[in-house]
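Structure at a glance
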Number of protein chains: 2
Amino acid sequence: MATKYVYFFGGGSAEGKADMKLLLGGKGANLAEMTNAGLPVPPGFTITTEACDHYYRNNQQWPAGLAEEITATITHLEEVNRKRFGDPVDPLLVSVRSGAAVSMPGMMDTVLNLGINDEVVQALIQKSNNPRWAWDCYRRFIDMFGDVVMGVDHEHFEEAIHAVKEAAGVKNDNELTAEQLHDVVNRYKAIYRQHTGRMFPTDPREQMDLAVNAVFGSWNSDRAIKYRQINKISGLAGTAVNICTMAFGNLGETSGTGVCFTRDPSTGENVFYGEYLINAQGEDVVAGIRTPEPISALANQMPAVYAQLCEIRQKMEQHYADMQDMEFTVEDGVLYILQTRSGKRTGVASVQIAVDMVGEGLIDEATAVSRVAPDQLAQLLLARFDEGDLKAAQKAGRMLGHGLAAGPGAAVGRAVFTADEAEAWVARGEKVILVRIETSPEDVGGMYAAEGILTSRGGLTSHAAVVARQWGKCCVAGSSDIVIDYSSKSFTNGKVTVREGDLVAVNGWSGDYFAGDIKVVPSPVVRGILEGDDAAKSDPLFQVYAKLDSWIEANRKLGVRTNADSPVDAQRARCFGAEGIGLCRTEHMFFEGERIISVRKMILADDLAGREAALAELLPMQRGDFEGIFEAMAGLPVTVRLLDPPLHEFVPHEVENQAEMAREMGISPEAVKAKVDSLHEFNPMLGHRGCRLGVTYPEIYDMQVRAIMEAACNCQLKGIDARPEIMIPLVGFKGELDFLEQRTRQICTAVQAEKGVQVEYLVGTMIEVPRAALVADEIAEAAEFFSFGTNDLTQMGLGFSRDDAGKFIPAYLDGKIFEDDPFVTLDRKGIGKLVKMGIDLGRATRDKLKVGICGEHGGDPATVEFCHQVGMNYVSCSPFRVPVARLAAAQASIKFDNPEAAEKGKEMGG
Amino acid sequence: MATKYVYFFGGGSAEGKADMKLLLGGKGANLAEMTNAGLPVPPGFTITTEACDHYYRNNQQWPAGLAEEITATITHLEEVNRKRFGDPVDPLLVSVRSGAAVSMPGMMDTVLNLGINDEVVQALIQKSNNPRWAWDCYRRFIDMFGDVVMGVDHEHFEEAIHAVKEAAGVKNDNELTAEQLHDVVNRYKAIYRQHTGRMFPTDPREQMDLAVNAVFGSWNSDRAIKYRQINKISGLAGTAVNICTMAFGNLGETSGTGVCFTRDPSTGENVFYGEYLINAQGEDVVAGIRTPEPISALANQMPAVYAQLCEIRQKMEQHYADMQDMEFTVEDGVLYILQTRSGKRTGVASVQIAVDMVGEGLIDEATAVSRVAPDQLAQLLLARFDEGDLKAAQKAGRMLGHGLAAGPGAAVGRAVFTADEAEAWVARGEKVILVRIETSPEDVGGMYAAEGILTSRGGLTSHAAVVARQWGKCCVAGSSDIVIDYSSKSFTNGKVTVREGDLVAVNGWSGDYFAGDIKVVPSPVVRGILEGDDAAKSDPLFQVYAKLDSWIEANRKLGVRTNADSPVDAQRARCFGAEGIGLCRTEHMFFEGERIISVRKMILADDLAGREAALAELLPMQRGDFEGIFEAMAGLPVTVRLLDPPLHEFVPHEVENQAEMAREMGISPEAVKAKVDSLHEFNPMLGHRGCRLGVTYPEIYDMQVRAIMEAACNCQLKGIDARPEIMIPLVGFKGELDFLEQRTRQICTAVQAEKGVQVEYLVGTMIEVPRAALVADEIAEAAEFFSFGTNDLTQMGLGFSRDDAGKFIPAYLDGKIFEDDPFVTLDRKGIGKLVKMGIDLGRATRDKLKVGICGEHGGDPATVEFCHQVGMNYVSCSPFRVPVARLAAAQASIKFDNPEAAEKGKEMGG
């Protein structure tokens, strides 16, 4: 049987259904589902993603039979609509839209009003008795078709209509007469011909075929690729094409179009939310050119339509068990639902909705946990402005204006006016606020780079707003209080002019924005967790967070520890739910206060006695450090990594600093320089560090082990349950570990005997050299635990120096050589294979081997899932990532133990 | 049944035999074998290596039953000898010697004359009627026992005898009277007591037990460990202990002792070779204190003994089918063979003997191939002095003296006088000649580091000579023409004084040595191979080499290619038998002549057009390079690696050079500096290089691919069979290779079309990033061949920067963390696992995948064996290592296909 590439919907039934998303795309599956559910969907059909895949795999050729299938389906569509393509009396017009399995708002090109030609426009005039509307449809169609399908720059059409408006002495498009619009159509056709070298196609079927190809082509446009990269979307065959009977929102004052959310996508509140424009088409709302009305206003303007919408809202939430984002059009008083999909939402909204829906019985707790993306949870930990500082700024008259609070958060940065500038400033270490009249998909790079976004046009569903919320960026949108001038790189509110580089503070919670700096304070959730005061704890946000948190804990299996080097960090992470320290680095301790002098004495010493004398000075300080950390983590394991960096990191490289060190040490600057030079390394990453220092200067590790064990004994004597896990870094050969493990145990035994107290402790190693993973069976003979140091394992396994790879990683992401930056998300296929091999070999030797990860990947949700899958005992990450890692761990458990809840938790595409 | 730890030999039969080498050590097995063969071996017994192993595994305790077994065996020994330990009339004296399964000459401690005490010495006086001899035995025994068993420094005993000699007014030990020697014995006993705090033990059994422990202890002495490291000996349980009835070579003028080889160990000539001393013990010969007589002189001095020795010589060669090294003693006219073992020999001798023995029907060709160690073959390629220059030096009176030609070769270096200095000078890049009165095992480090060795004392079997030959070092030994003064760091021949740092030229072929420099020329084998002139080809050495070479070829399966970047190197390697180029680096070509200017223009260019213009200048030059190489390798594959090093290697880092570059480029020095700074990398090893350059600047590889393919087409048009294999370096991700492979093929196709000629070519990749080995199944989809770049694979897989690891690798070798320097011999367990994984995964995708190795490991025999084992198609190494690699490849084939010949090929221990 030939593959079916075309699926019809309309007339009360559809060939597709909701679970055919991969084949029909989110939009197509939804249109089918909505049709089957009896919703007022304009009839149409969907060309499958398989057709798109075939197109790319076969040198941009359609599969055999597709053209015929479309012909047959068009005939059916004409029958259902009782209209025909190109009909001189009652012509059928359609929209052509893309729709992949995963939602990519604003990224894919759309063509509306397809089917118009010089004959059809006359039929429309006849039928509607509205020549202005008919010519406007035609000129819009030529514009979109020319731009999207044939690559004629939209600017050319804009110039033409601008010229006509100027000649007519009018300002807005809708002030043009039918004749003037007819003139515009003629000019557009001339532009089309000039830039394409061909006549504008008059055959609706030819129009459609070209549009379908354009949709296929848009799948691999640069901006679509970039969006997929940023959003980590992969594994899809392509986009489907949805061909849908046009419904016109611009037939006059009884028509309109809008977008609505079944709940507030910003706060998650269970209220009907959205906006609409009378006498407009859908893209007018999304593009933010006119500022729309709130949906509640529709209750007065079109009460029947509003009531029908409200009913659909309830139906949709029951049906999908998720917050929906719907596009609708009212054509001459008749409501059509053009599409519905799971609504993008802020992190706050995501948690609020998930928790509320459990309360409402719509979903269960595991589904709620699966529904909150870990990075959305991170948004709950977003900053706000300090109240006092904010008031002071207001009092001082520093407020510049007010707009829509489109993305919560508080951000301060230097004003920049293009996406490219934003990326460039950030690349040189600045924080920026991207200020734009409106944003477009071309701006996503700069938007991503910016701390916050400020626009002077567009609503809560404008491009800027949708994208910002998804990323948890602070955003104020559509603020008409200011005039932005790109040419002078400035904006003004009439009194104050802000130029490129000036500090701007944007309050994404309120919509206000200010000149100058305002102090930023953490979220109430963070305050509730860290400070525990009642005010913060009674904050509703803290309370929904706490509820979700309890469900996370009920589902989580993988342990979560933190990377912390100080009692303060340890305490903080413990508040966030860390179950121990997975990585306590000891090198930072070497820099504090006067210690660096002792460290440098040790480095300068020519013999063992000299090094031991200097180390003796360090011992009590290190012991004190560990006592504080053990106390903060009482009852929980603390993995202490022995000294890791090369010694040259502890000596100065600048002449003046060397002179100062020489004075401190009482030796000549030449002697200091000679020592520093002798420590120089060509590739410090692969040099004399980690356990290699331990092997060549065992006295350093001896001191550290003694400090750890004395601290643990002292704690034990004070009744504090200290649980040290001593970790030897950079092991590649069993002999290294054997040598150092034996010394470690000897010292630990001696110290316990001296102190007369027993301490439970472990000795283990980091697995960060590829060889260690390859011979993990041997290494596990001497190691009681493994902690995968995936930063170094990635650097060595990929041969990428993190400090240098910035020169080629962007090109690798652009060229799709890899999908994720391997320093952000663990490279499963390569490094992950090493990790899995290391665990399996290690446990073959020692079946109770404790295994964790302490690279920065430990806070990355995709990596956390991997760690769960390969059977690690815990991940370890920075204190503020602990809640994120815990959620990711719970989601991984649910994904593998309760796949149905996980599937329900995933957002529906559209 | 209890383990048997003691094996008796003597009285015509033995409990052990030759194939019990692992248990009895080489010496013990040989003594048993010799006894069984009816040779005149002094009776005795061997304590097994298992006893030694037990000793080390059990806190230095003997196994249960060992003491009783020894007691019983002593009783048997006393019966066979008809002498008893400690007997006041006819006492038994024994020697105690170590003996591991592999020969380690001079490394293990020996105690002679064990069994003497104050009563026994009287019995010896009575029995021998030679009180001088008896007291001399006693004092030697106390010296050795004190030194070897109890750790009393030999110097103390030397001082004591020196004082007695001085008081007596005599120069040599043998001038002392019995009374004076009695005095020496008393002084020795006092020294012993002073340094050990105990009386000298009088019970022979107590003496023996302590000596056995000392032998066990010597197994792990620093020098034994160092010897095993240098000689790559591992996997042995320990040493056996051989207790043997003493035969005295110092009972007067009818006694003597000597060492003989069944063939000349220096040239391999089939002549009886050796030397002896009348009225001496064995260690007098080995230590080189007296210069001995050549063995031929024995025919006159002791004709019967000489005849018996000659008979034994024949018997031994027939028996062992190898050249033997025998120690003998004549006690009052009676010959005893103390030991025999495969004789150490020079590379020249090794090849000569192997070839001769095939001619004599003693061994087959495969055995001959297996018998020549690859590094010995390398000695055949050793340098000689230029004849003219040598004659000029002689004419100019620069000859300083003459000694024994103890190790062939020609070496020039700066004179140094201690092993430590030798190591220190070499560490800072100097070549040295180590000048010593005599050498000892403590000197091996410096001997290894030196270009050549010159001693003023000792014979052809002295420590210096034996060790130098084994390593293929140039050595002149026992030259009494000079006086060496350690305190002033100089030596003089009475006319000329050579001081530390002065140049010395040593001719290890003739025994002459000179002041100043002499031009060094390659061996006749190398001349025969490379120049092919009849004089060189008629050299006997060339002829035996050629014979062995034909047998190598008959047995070899693994291909051998060379690493060569120029037509000259390629041609050379081809002469040595290379079957293609495994690695042609292109970066060296970038530095030649004016090219670097174009390269720098390319680097400085800000845009693609600028880079392309500079590359266009390079294209014809690169094309010319490749044409020359293809011509030299006509008909053989040439693997060309595209540009690998980071761009900063092509720009100057010194201010003055940057200024020069600025002038050449016509830009400011600041601009040059800014570019150089922007190219700086923290870890260049892991930076922007290899295919990462290809991905970011594809135009560079495009030019190189075009140059390769244009050159290949041009050759083809000239009738030269060019076979390019284009290699993309540093691939870690399939996407990298996909991108570059596609471009490569497009260009190759285009060039062939332009030139109208077909060229067979391959596109492949280096596997040098660990990830590439892990995902080799994917990589093989796009690669037609893999070449393992084990230098980088080792650096990344072990996390060792070769430029920096010198700071800890020596400590790792000392601490036995690894046995071999992983940059010399491939780390099989770790990196080898990655290599095997890479091959297996790659061939799972593409079963005909061509696989080779092009790291420097390709010339290391142990690594070559590994490459054969894992099924590589070829190894590639530097031109001069090609013969070595070919031999190693043949040996690997024989080892796995013909294990019997391989086993026979292995040297017998002793």
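Everything below is about the structure printed above this text.
Quick look at the structure, then. (Residues numbered from 1 in each chain as written. Chains lettered and ligands numbered in written order. Predicted model: local features only at pLDDT ≥ 70, side-chain atom pairs only at ≥ 80, totals over all residues. Heavy atoms only, no water.)

1. A look at the relation of the copies chain B and chain A
Aligned on chain A, chain B shows an RMSD of 0.2 Å; the corresponding rotation is 179 degrees and the shift along the axis is 0.0 Å. What the superposition gives is, in effect, a two-fold axis relating one chain to the other. Comparing interface residues between copies, 100% of those in chain B also sit at the interface in chain A, which points to an isologous, same-surface contact. (Least-squares fit on C-alpha atoms with pLDDT ≥ 70 in both. Contact = heavy atoms within 4.5 Å.)

2. Some points on the interface of chain B and chain A
Residue-level contacts link 46 residues of chain B with 46 residues of chain A. It is Leu 686, Phe 733 and Lys 807 of chain B in chain B that bury the most area against chain A; as a group they hold 15% of the surface buried on that side. Between Asp 827 of chain A and Arg 771 of chain B there is a salt bridge whose closest N-O contact spans 2.6 Å. Inspection of the region where chain B meets chain A yields 28 residue pairs in polar contact (both at pLDDT 80 or more). (Buried area = accessible area lost by both parts, 1.4 Å probe. Salt bridge = Lys/Arg side-chain N within 4 Å of Asp/Glu carboxyl O. Polar contact = N/O pair within 3.5 Å; in protein donor to acceptor, adjacent residues only side chain to side chain.)

3. Section: the sheet that holds strand S26 (residues 581–585) of chain A
Residue and element names in this part refer to chain A. Taken in spatial order, the eight strands line up as S25-S26-S27-S28-S29-S30-S31-S32 and close into a barrel, and their pairing is parallel. On average, each strand axis in the sheet is inclined to that of its neighbour by 30 degrees, with strand direction left out of account. Bridge count for strand S25 (residues 559–563) against strand S32 (residues 874–877) is four bridges, and the pairing is parallel. Opposite Gly 559, over in S32, you have Tyr 874 as the bridge partner. The strands touched by helix H30 (residues 734–755) are strand S28 (723–728) and strand S29 (762–767); relative to S28, the strand with the most contacts, the crossing angle is about 150 degrees. (Pairing = 2+ DSSP bridges. Helix = DSSP H or I, 4+ residues; strand = E, 2+ residues; numbered from the N terminus. Axes fitted to C-alpha atoms, helices over the stretch in contact; angles between N-to-C directions.)

4. A closer look at the pattern of salt bridges
Taken as a whole and judged by the stated rule, the model has 103 salt bridges over all chains. Glu 710 of chain B is the partner of Arg 706 of chain B in a salt bridge, and the nearest nitrogen-oxygen pair spans 2.8 Å. You can see Arg 706 of chain B and its partner Glu 710 of chain B sitting in helix H29 (residues 698–717), four residues apart, about one turn around the helix. Residue Arg 706 of chain B is classed as partly exposed on the basis of its relative accessible area of 22%. By relative accessible area, Glu 710 of chain B is classed as buried at 7%. Put simply, Glu 784 of chain B and Arg 745 of chain B hold a salt bridge, and the shortest N to O gap is 2.7 Å. Of this pair, Glu 784 of chain B sits in the loop between helix H32 (776–782) and strand S30 (785–788) while Arg 745 of chain B sits in helix H30 (residues 734–755), and the two are 39 residues apart along the sequence. We classify Glu 784 of chain B as partly exposed; its relative accessible area is 22%. Judged by relative accessible area, which is 24%, Arg 745 of chain B ranks as partly exposed. Here the salt bridges share partners, and the residues they tie into one network are Asp 136, Arg 139, Arg 140, Lys 165 and Asp 173 of chain A. (Buried < 20%, exposed > 50% of the residue type's maximum accessible area, 1.4 Å probe, protein only.)

5. Regarding the sheet that holds strand S4 (residues 94–100) of chain B
Residue and element names in this part refer to chain B. Taken in spatial order, the six strands line up as S2-S1-S3-S6-S4-S5 in an open sheet, and their pairing is antiparallel. Single-partner strands in this sheet number two, and they are strand S2 (13–14) and strand S5 (110–114). Taken strand by strand, helix H1 (residues 21–36) contacts strand S1 (6–10), S2, strand S3 (44–47), S4 and strand S6 (239–245), and its axis lies near 120 degrees from that of S4.

6. So, a negative patch on the surface
Residue and element names in this part refer to chain A. A cluster of like negative charges, contributed by Asp 147, Asp 153, Glu 155, Glu 158 and Glu 159, occupies part of the molecular surface. Of the residues forming the negative patch, the biggest block, three residues, is contributed by helix H6 (residues 154–168). Mapped onto the fold, Glu 159 is located in helix H6. (Patch = residues over 30% accessible without salt bridge, like charges linked within 9 Å, V, L, I, M, F, W, Y side chains within 5 Å. Areas by Shrake-Rupley, 256 points an atom, 1.4 Å probe, with all protein chains shown as cover. Lys, Arg positive; Asp, Glu negative; His and termini not counted. Charge placed at Lys NZ, Arg CZ, Asp CG, Glu CD.)

7. Remarks on the packing of helix H29 (residues 698–717) of chain A against H30 of chain A
Residue and element names in this part refer to chain A. Across the interface, H29 lies against H30 with an axial gap of 9 Å and an inter-helix angle of 35 degrees. Pair H29 / H30 crosses with right-handed handedness. Residues Pro 698, Tyr 701, Asp 702, Val 705, Arg 706, Met 709, Glu 710, Cys 713, Asn 714 and Leu 717 of H29 pack against Phe 739, Leu 740, Arg 743, Thr 744, Ile 747, Cys 748, Val 751, Gln 752, Glu 754 and Lys 755 of H30. Grouping the amino acids of the contact of H29 with H30 by side-chain chemistry returns 11 nonpolar, three polar and six charged. (Left-handed = near helix turned anticlockwise from the far one by under 90°. Nonpolar A, V, L, I, M, F, W, Y, C, P; charged D, E, K, R; others polar.)

8. Regarding the side chain of Thr 439 of chain B
Residues and elements named next belong to chain B. You can see Thr 439 is positioned in the loop between strand S16 (432–436) and helix H18 (444–449). A relative accessible area of 9% means that Thr 439 is categorised as buried. At 3.1 Å, the side chain of Thr 439 forms a polar contact with the backbone nitrogen of Ala 464. Beyond its immediate chain neighbours, meaning those up to four positions away, Thr 439 contacts Met 447, Ile 453, Thr 455, His 463 and Ala 464.

9. Here we look at the packing of helix H24 (residues 595–604) of chain B against helix H25 (residues 608–632) of chain B
Residue and element names in this part refer to chain B. With their axes 8 Å apart at the nearest point, H24 and H25 run at an angle of 145 degrees to one another. Between H24 and H25 lies a crossing whose hand is left-handed. Contacts between H24 and H25 pair Arg 595, Ser 598, Val 599, Lys 601 and Met 602 from the former with Arg 611, Ala 614, Leu 615, Glu 617, Leu 618, Met 621 and Asp 625 from the latter. Along the lines of polarity and charge, the residues of the contact of H24 with H25 split into six nonpolar, one polar and five charged.

10. Some words on the packing of aromatic side chains
Within the structure shown, the criterion is met by 46 aromatic pairs over all chains. Their ring planes at 85 degrees and their centres at 5.6 Å tell us that Phe 141 of chain B and Phe 200 of chain B sit as a pair that is edge-to-face. Separated by 59 residues along the polypeptide, Phe 141 of chain B in helix H5 (residues 131–149) and Phe 200 of chain B in the loop between helix H7 (178–196) and helix H8 (204–218) bring together distant segments of the chain. A cation over an aromatic ring shows up here: Arg 561 of chain A above the ring of Tyr 874 of chain A, its NZ or CZ 3.9 Å from the ring centre. (Phe/Tyr/Trp six-rings, centres within 6.5 Å; stacked < 30°, edge-to-face > 60°. Lys NZ or Arg CZ within 6 Å of the ring centre and 35° of its normal.)

11. Structural notes on helix H13 (residues 347–359) of chain B
All names here are of chain B. Its 13 residues place the ends of H13 19 Å apart at the C-alpha level, agreeing with the 18 Å of an ideal helix rising 1.5 Å per residue. Within H13, 11 of the 13 residues are buried, which leaves the element mostly enclosed by the surrounding structure. Within H13 the residues assigned to the buried category are Gly 347, Val 348, Ala 349, Ser 350, Val 351, Gln 352, Ile 353, Ala 354, Val 355, Met 357 and Val 358. Packing partners of the buried residues in H13 comprise helix H12 (303–320), helix H14 (365–371), helix H15 (374–379) and helix H22 (540–555). Looking one or two places after H13, you find Gly 361, whose phi comes out positive at around 75 degrees. (Expected span 1.5 Å × (residues − 1).)

12. Digging into the environment of Ala 368 of chain B
Residue and element names in this part refer to chain B. Looking at the secondary structure, you find Ala 368 in helix H14. Since its relative accessible area comes to 0%, Ala 368 is described here as buried. If we skip the residues at most four places from it in the chain, Ala 368 touches Ala 354, Val 358, Ile 363, Leu 548 and Trp 551.

13. Let's talk about the environment of Pro 265 of chain B
As for its position among the elements, Pro 265 of chain B is in the loop between strand S7 (256–261) and strand S8 (273–278). For the pair Pro 265 of chain B and Ala 634 of chain B, spaced 369 residues apart in sequence, the C-alpha to C-alpha distance is 41 Å.

14. Quick look at the side chain of Asp 702 of chain B
Residue and element names in this part refer to chain B. Relative to the assigned elements, Asp 702 resides in helix H29. Judged by relative accessible area, Asp 702 falls into the buried class, the value being 18%. Polar contacts involving the side chain of Asp 702 include one to the side chain of Arg 743, which spans 2.7 Å. Once residues within four sequence positions are removed from consideration, Asp 702 is found in contact with Arg 743 and Ile 747.

15. Focus on the state of the cysteines
Residues and elements named next belong to chain B. Evaluation of the coordinates by the stated rule reveals zero disulfides over all chains. The closest cysteine sulfur to the non-disulfide-bonded Cys 310 is located on Cys 260, 8.7 Å from its own sulfur. According to the relative accessible area criterion, Cys 310 is partly exposed, its value standing at 24%. (Disulfide = S-S within 2.5 Å.)

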